[in-house]
Amino acid sequence: MNSHQGRKNIWLRLHIDLPLLIGILALMSFGLFVIYSASGEDLAMMDRQLLRMGLSLMIMFIVAQINPEVLKRWALPIYIAGVILLLGVHFFGETNKGAQRWLNLGFMEFQPSELIKLAFPITMAWYISKFPLPPKKRYLTGAGIILLIPTLLIAKQPDLGTSILVAASGIFVLFLSGMSWAIVGTIAAAVLALLPILWFFLMHDYQRTRVLTLLNPEQDPLGAGYHIIQSKIAIGSGGLWGKGWLDGTQSQLEFIPERHTDFIFAVIGEEFGLIGSMLLLILYLYVIGRGLVIASRAQTSFARLLAGSIILTFFVYIFVNIGMVSGILPVVGVPLPLISYGGTSMLTLMTGFGILMSINTHRRFVDR
Amino acid sequence: MHDHAAEASLFKRRALFTFFCVVALLSVLLANLYQLQVLSYKDYETRSNDNRIRVVPVAPSRGLVYDRHGKLLAENQPFYSLELIPEKVKDMSATLDALDAYVHISADERESFLEALKHHRRFKPLTLKSRLTEQEVAIFSVNQYQFPGISVEAGLRRHYPYDSVLTHVLGYVGKINTRDRTALERTDQWKNYPATKDIGKQGIEKFYEPQLHGLPGHLEEEVNNRGRIIRTLKVVPPEPGQDIYLTLDLKLQQKAVALLAGRRGSIVAIDPRDGGILAMVSSPSYDPNHFVHGISSKDYSALLNDKSRPLINRATQGQYAPASTVKPLIALLGLEEKAITEKTRIWDPGFWQIPGVERKYRDWRRWGHGWVNVYSAITESCDIFFYDLAYKIGVDNMSRFMEPFGFGQVSGVDIAEESAGNMPSKDWKRLKYNQPWYIGDTISVGIGQGYWTTTPLQLANATAILANRGRRFTPHLLKAMQTQDADVALDERPPIVLDNPHNWEVINEAMRMTANKSRFTDARYTAAMKTGTAQVFSVAEDARYDAKTIDERLRDNALIVAYAPFEQPRIVIAMVLENAGWGGANAGPIARELLDEYMLRDTEEPAL
């Protein structure tokens, strides 16, 4: 990166990583096209989504200006604040669709689990990177406590999707820190052992139904299996080339549920076919790849672990969402990142990308 | 404390490993998509189309029915209803109030509409008021702009413009019920009725149901997940049912109905040249239009329990003793069997006895007719002559001879409601009652009474065969189908061939004489006829029958058969008047008027 050192690159000065930005903008633009179709050509919805995108880009830009070392210092207080807010939700939260996720702050509703999504990997990266890597076993207890408190609180809301994302981001930190394979294996075994407990004691009936539905959606085609069946029909009937933009009958005739939010991938599969879906996956892969490059080039362990965790969590979004919509994973409420209609997750994701950019552009100021 | 280089390289290895995991997992997603979008594409494409395309059947319009001159007898009338699409009406009760100023919505209609609205899809039209008058349609149409979401919808419904005049011939259509459905399924016709609401229940409407109905079409509509129609993709129009032309002559039919007004009875008129039925009346009748709109159970049970039995088609289902109207045929048999000749004379003292038996069989004229031959026996309707003749030829001979004239069997006319009547024989009585045949039974049969029963249609048909000198046609109502250029082929049966064809002339001449010396003396055409008076109630031997003192329902049935013109018969009629009394006096004038109507038209209207 000699050229960067020699002449102050305009993007570097703005703390923007251009390749990553290009990938993000490409995904957002594609998302706008799909939402236009999925919303039934609703221009008001387009306006709102554009506004959110602009706001998110602004947040990303602002976050990118913040030195990662600042984040590191604030990691623990934000984490503790997040946990307190989660407890607040547990006792005073608004109930919406049977789940307590929202905290009414008077002027706006706020989802503390989104804050935790960001604060948690930072905290984890801060905690692990305090010690020489690979981490010794004795530090793992602390890591486990840091991980389990928010995960369980969120799972209890219940918000399975977010708790999976949060847990995954923590585990990624541990894995990327170079935890020995023996421990990785042990944790994997422990998770498997916990599954029955999860099933019998933590999961709600509707969540169990979703899992059972995944295994055999045709069992209840008009009830629990309806979403999955209609979404698979949409994707399958798209074929190789798709039915064309705005021409997907499953989406235009409203057979796909939640088609502009969580199930938007079904619209993509139907209207753009296997080719379109593949291009989307390649675009995602490009963004992930770029993220991993940024992570690898970071100069501190904290930055590396944080960047890696953020970008892999991004991948978990993609995998869980597409897996659910195409019928190989149970239905959990995870949006398709940067494409689904909606503000909260986009804001969180873009803050994450802001952190990535910050890590990538603040290298030279880091004191080794 | 930290080994930065080692940590960085450890991270890079782990990062590379996770990158490969990411690629592998994305490949799993891609493989699944390949499975859905390429390998199972056909399956999902079909299911996607099943989701969105709804096939809506369209009923064909029913074929019309005309008489032989092209007069419309059964038509399809538009009927109008007010339809309301709930989601397009913002304030329901205000709208209904405003609407009431133009089209009256009764409290009942309003209540039942609001009730139905509760279980109704908001975007589907719901009937607010049905059977609008043309005035209401006009008033609403002018003010429709004030009522978005409310519209007048038109449909077609069968209508019989001549009400009760043709009921027993045409029958009627009504809602398809379970029995109709079973019958259609048996003949594999049910598939043609996906949108049809009504089906022929009786008469022509039932008999020619397959021709009148037509074939359904369909619309392919694209619908969304809630069933709302987005657009029509394809229209396959239905194939309308065939129009049919009947042999009926509407004017003659109307005349016959008018002549029977207020009476119980039946008239059948046949064109002997082809067996086509010119008129077929059963009185009293009823308005078939009530059945099309769905008759109320109160009205229906009133019809069902009416003592004068309006629901029965007397022309084809009424079984009456033919009485003296069949004397010409008995005489014909006598001539053929050589039991009598044209010259045979017998003495009628007013009674007849089976040789060696005390019991006296009385003539209708207590003092007798004196010397009678075959001519005077027919013109004067002498009972004694026929007692004697029947005794000589025996019942089985009579039964065998009458069979080709159509007695005791259904005529095969093209309506389903038909009875066979009864032509008795010795075997028949043994089988039916397990009783031997008595000579007394034969004597009764000889004057067209006893076990012998016929329908007016059978009587007309037999008379037509007689007037035709043995040429026989299956009596029928269908003249032509719209799609065929020519009339439908006649069903001509093998003729009755007599050993001595001159016998036809003897009998027909006797009938001409009968007409000429009574009712048709002053007619401007030559007719032939024979009356009959059938006992409904057996009068005790030697007792006198007094029409004035006897209960009306026990009075004699009056009958007549007649045809004209004598030289080349164009019309044969048979008539039964229930409990009217003496045949000649009661049925005669009506037969005359009816034949006058047909014979004295300025010109015979050309049949289509």
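Residue positions are given per chain, counting from 1 as you read along its sequence in written order. Naming scheme: in the order in which they are written, chains are lettered from A and ligands are numbered from 1. Reporting of local features is limited, given that this is a predicted model, to residues whose pLDDT is at least 70; pairs of side-chain atoms are given and counted only at 80 or more, and all residues count toward the totals for whole chains, interfaces and linings. The side-chain numbers reported here are obtained from all heavy atoms of the structure, hydrogens and water having been left aside.

Enquirer: How would you sum up the environment of Val152 of chain B? Please name residues and give values.
Expert: Starting at the N terminus, helices and strands are each numbered in turn, a helix being any DSSP run of H or I of at least four residues and a strand any DSSP run of E of at least two. With respect to the helices, strands and loops of the structure, Val152 of chain B is situated in strand 5 (residues 150–159). In this structure, the C-alpha to C-alpha distance between Val152 of chain B and Ala138 of chain B, residues 14 residues apart in sequence, is 9.9 Å.

Enquirer: Explain the sheet that holds strand 14 (residues 276–283) of chain B to me, using residue names and the numbers behind them.
Expert: All names here are of chain B. One requirement defines pairing of two strands: DSSP has to find at least two bridges between them. Taken in spatial order, the 5 strands of this open sheet run 14-13-24-23-22, and their pairing is antiparallel. At either margin of the open sheet sits one strand with a lone partner, and together these are strand 14 and strand 22 (528–534). Between one strand axis and the next, the sheet turns by 5° as a mean value, whatever way the strands run. Inspection of the sheet shows strand 13 (residues 265–271) paired to strand 24 (residues 571–577) by 6 bridges, in the antiparallel sense. In the strand pairing of strand 24, Ala269 is matched with Ile573. Note on geometry: axes are C-alpha line fits, over the in-contact stretch for helices, and angles between N-to-C directions span 0 to 180 degrees.

Enquirer: Which residues make up the nonpolar core, and what values go with them?
Expert: Note on terminology: a nonpolar core comprises buried Ala, Val, Leu, Ile, Met, Phe, Trp, Tyr and Cys residues joined through side-chain atoms within 4.5 Å. Each residue is placed in one exposure class: buried if its accessible area under a 1.4 Å probe, protein chains only, is under 20% of its type's maximum, exposed if it is over 50%, and partly exposed if it falls in between. Core analysis: the largest hydrophobic core is formed by 116 residues, its most contacted members being Phe314 and Phe353 of chain A. Take this core: its biggest share by element is 18 residues, from helix 14 (residues 301–325) of chain A. The contact rule is simple, with two residues in contact once any of their heavy atoms fall within 4.5 Å. Non-local contacts of Phe314 of chain A, meaning those with residues more than four positions away in its chain, are made with Leu27, Tyr284, Val287, Ile288, Pro337, Leu338, Leu349 and Phe353 of chain A. The next biggest cluster of nonpolar side chains, apart from the first, holds 95 residues, and it includes Leu166, Tyr172, Ile393 and Ala464 of chain B.

Enquirer: Any details on helix 20 (residues 456–467) of chain B? Residues and values, ideally.
Expert: All names here are of chain B. Take the number of residues in a helix, subtract one, and multiply by 1.5 Å to get its expected span. In this model, helix 20 (12 residues) spans 16 Å end to end at C-alpha, consistent with the 16 Å of a helix rising 1.5 Å per residue. Of all the 12 residues making up helix 20, 12 are buried; the element is thus mostly covered by neighbouring parts of the structure. Within the span of helix 20, buried status applies to Pro456, Leu457, Gln458, Leu459, Ala460, Asn461, Ala462, Thr463, Ala464, Ile465, Leu466 and Ala467. Immediately downstream of helix 20, the backbone of Arg469 shows phi near 55°, a positive value.

Enquirer: Any details on the side chain of Asp180 of chain B? Residues and values, ideally.
Expert: Residue and element names in this part refer to chain B. Within the element layout of this structure, Asp180 appears in helix 7 (residues 178–186). According to the relative accessible area criterion, Asp180 is buried, its value standing at 15%. Residues contacting Asp180, with those up to four places away along its chain left out, are Lys175, Ile199 and Lys201.

Enquirer: Which residues make up the pattern of salt bridges, and what values go with them?
Expert: The salt bridge definition used is simple: a Lys or Arg side-chain nitrogen within 4 Å of an Asp or Glu carboxyl oxygen. Taken as a whole and assessed by the stated rule, the structure comprises 32 salt bridges over all chains. Where Glu270 of chain A meets Lys243 of chain A, a salt bridge forms, and the shortest distance between an N and an O atom there is 2.7 Å. Taken as a pair, Glu270 of chain A in helix 13 (residues 264–297) and Lys243 of chain A in the loop between helix 11 (226–238) and helix 12 (249–252) lie far apart in primary sequence, 27 residues in all. The class of Glu270 of chain A is buried, set by a relative accessible area of 0%. Within the structure, one salt-bridge network assembled from shared partners comprises Arg62, Arg158, Glu205 and Glu209 of chain B.

Enquirer: Quick rundown of the sheet that holds strand 9 (residues 217–223) of chain B? Include the residues and the values.
Expert: All names here are of chain B. The antiparallel open sheet is built from 3 strands, whose spatial order is 1-9-10. At either margin of the open sheet sits one strand with a lone partner, and together these are strand 1 (53–58) and strand 10 (229–236). Each strand of the sheet is rotated relative to its neighbour by a mean of 25°, with strand direction disregarded. Relative to strand 10, strand 9 runs antiparallel, the two sharing 6 bridges. Across the sheet, residue Glu220 finds its bridge partner in strand 10, namely Lys234. Where helix 2 (residues 41–52) meets the sheet, its contacts fall on strand 1, strand 9 and strand 10, and the angle it forms with strand 1 comes to roughly 50°.

Enquirer: Describe the interface of chain B and chain A, with residues and values.
Expert: Across the boundary between the two partners, chain B contributes 39 residues, which contact 56 residues of chain A. Two parts placed together each lose some accessible area; with a 1.4 Å probe, that loss summed over both constitutes the buried area. For the pair chain B and chain A, the summed buried surface comes to about 4200 Å²; carbon and sulfur atoms form 71% of the total. Considering only the side of chain B, the residues that lose the most area to chain A are Phe11, Arg14 and Gln37 of chain B, jointly responsible for 18% of the buried surface there. On the surface where chain B and chain A come into contact, there are 0 salt bridges. Think of a polar contact as two N or O atoms within 3.5 Å of one another; within protein, one of them needs to be a possible hydrogen donor and the other a possible acceptor, and neighboring residues in sequence only count if both atoms come from side chains. The tally of links between chain B and chain A comes to 11 residue pairs in polar contact (both at pLDDT 80 or more). Counting only elements with at least two residues in the side of chain B that touches chain A, the list comes to helix 1 (4–39), helix 2 and strand 9 of chain B. Ranked by residues supplied to the side of chain B that touches chain A, first place goes to helix 1 of chain B with 24 residues.

Enquirer: Provide a residue-level description of the packing of aromatic side chains, including the pertinent values.
Expert: Residues and elements named next belong to chain B. Aromatic pairing here means that ring centres of Phe, Tyr or Trp (its six-membered ring) are within 6.5 Å. Orientation follows from the plane angle: under 30 degrees is stacked, over 60 is edge-to-face, and everything else is tilted. Here the structure, examined in full by the defined rule, presents 36 aromatic pairs over all chains. Residues Tyr102 and Phe147 carry aromatic rings whose centres are separated by 6.0 Å and whose planes lie at 80° to one another, so their mutual orientation is edge-to-face. Within this pair, whereas Tyr102 is found in the loop between helix 3 (92–100) and helix 4 (107–118), its partner Phe147 is found in the loop between helix 5 (134–143) and strand 5, the two being separated by 45 residues in sequence. Centroid distance Trp437 to Tyr451: 5.9 Å. Interplanar angle 50°. Geometry classified as tilted. In this pair, Trp437 is assigned in the loop between helix 18 (426–433) and helix 19 (439–446) and Tyr451 in the loop between helix 19 and helix 20, connecting sequence segments 14 residues apart. Judged by relative accessible area, which is 14%, Trp437 ranks as buried.

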